[in-house]
Amino acid sequence: MEGLVVIEVCANNRLAGGWLGETERRVPGATVLETDCTNTCGLCQVHAFAYVNGKLVHDADPLRCVEKIEDEARAVLRWLTSSEDEKSAP
């Protein structure tokens, strides 16, 4: 299930450089990509943030942001692996 959930983080963001280093281990099926820029100008100055399968997840506190990112990734994985009868948007 590797790579079902893509977590994209900007290299200029507070989360760059190690905050998400253990996320792939803690959330099997998630892949963390660090990019040069996510074109979310200014947000990285105020909040830690990442995109989880395209959804913006942010918080002023980097540790809390990592928790939110991992929670969102788990929710997406549950949705992706649920049966058609159980599906509702994450």
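First, a word on what this report is: a plain description of the structure on this page. (Residues numbered from 1 in each chain as written. Predicted model: local features only at pLDDT ≥ 70, side-chain atom pairs only at ≥ 80, totals over all residues. Heavy atoms only, no water.)

On to the pattern of salt bridges, then. Taken as a whole, this structure holds seven salt bridges when the rule is applied. Here Glu 22 makes a salt bridge to Arg 25, at a shortest N to O gap of 2.6 Å. Of the residues examined, Arg 25 reaches a relative accessible area of 58% and is grouped as exposed. In the salt-bridge network here, residues are joined through shared partners; they are Arg 26, Glu 70, Asp 71 and Arg 74. (Salt bridge = Lys/Arg side-chain N within 4 Å of Asp/Glu carboxyl O. Buried < 20%, exposed > 50% of the residue type's maximum accessible area, 1.4 Å probe, protein only.)

Of all hydrophobic cores here, the largest spans 17 residues; its most connected members are Val 5, Ile 7, Leu 15, Leu 20, Val 52, Ile 69 and Ala 73. For this core, the elements supplying multiple residues, two or more each, are strand S1 (5–10), strand S3 (48–52) and helix H3 (62–81). Among all residues touching Leu 20, those that are not within four sequence positions of it are Ile 7, Val 9, Leu 15, Val 32, Val 66 and Ile 69. (Core = buried A, V, L, I, M, F, W, Y, C linked by side-chain atoms within 4.5 Å. Helix = DSSP H or I, 4+ residues; strand = E, 2+ residues; numbered from the N terminus. Contact = heavy atoms within 4.5 Å.)

The next point concerns the environment of His 47. Position of His 47 relative to the elements: it lies in the loop between helix H2 (43–46) and S3. When its relative accessible area of 21% is taken as the criterion, His 47 is described as partly exposed. Expressed as a C-alpha distance, the spacing of His 47 and His 58, which sit eleven residues apart in the sequence, is 6.2 Å. Looking at His 47, its side chain comes within polar contact range of the main-chain nitrogen of Ala 60, at 3.2 Å. (Polar contact = N/O pair within 3.5 Å; in protein donor to acceptor, adjacent residues only side chain to side chain.)

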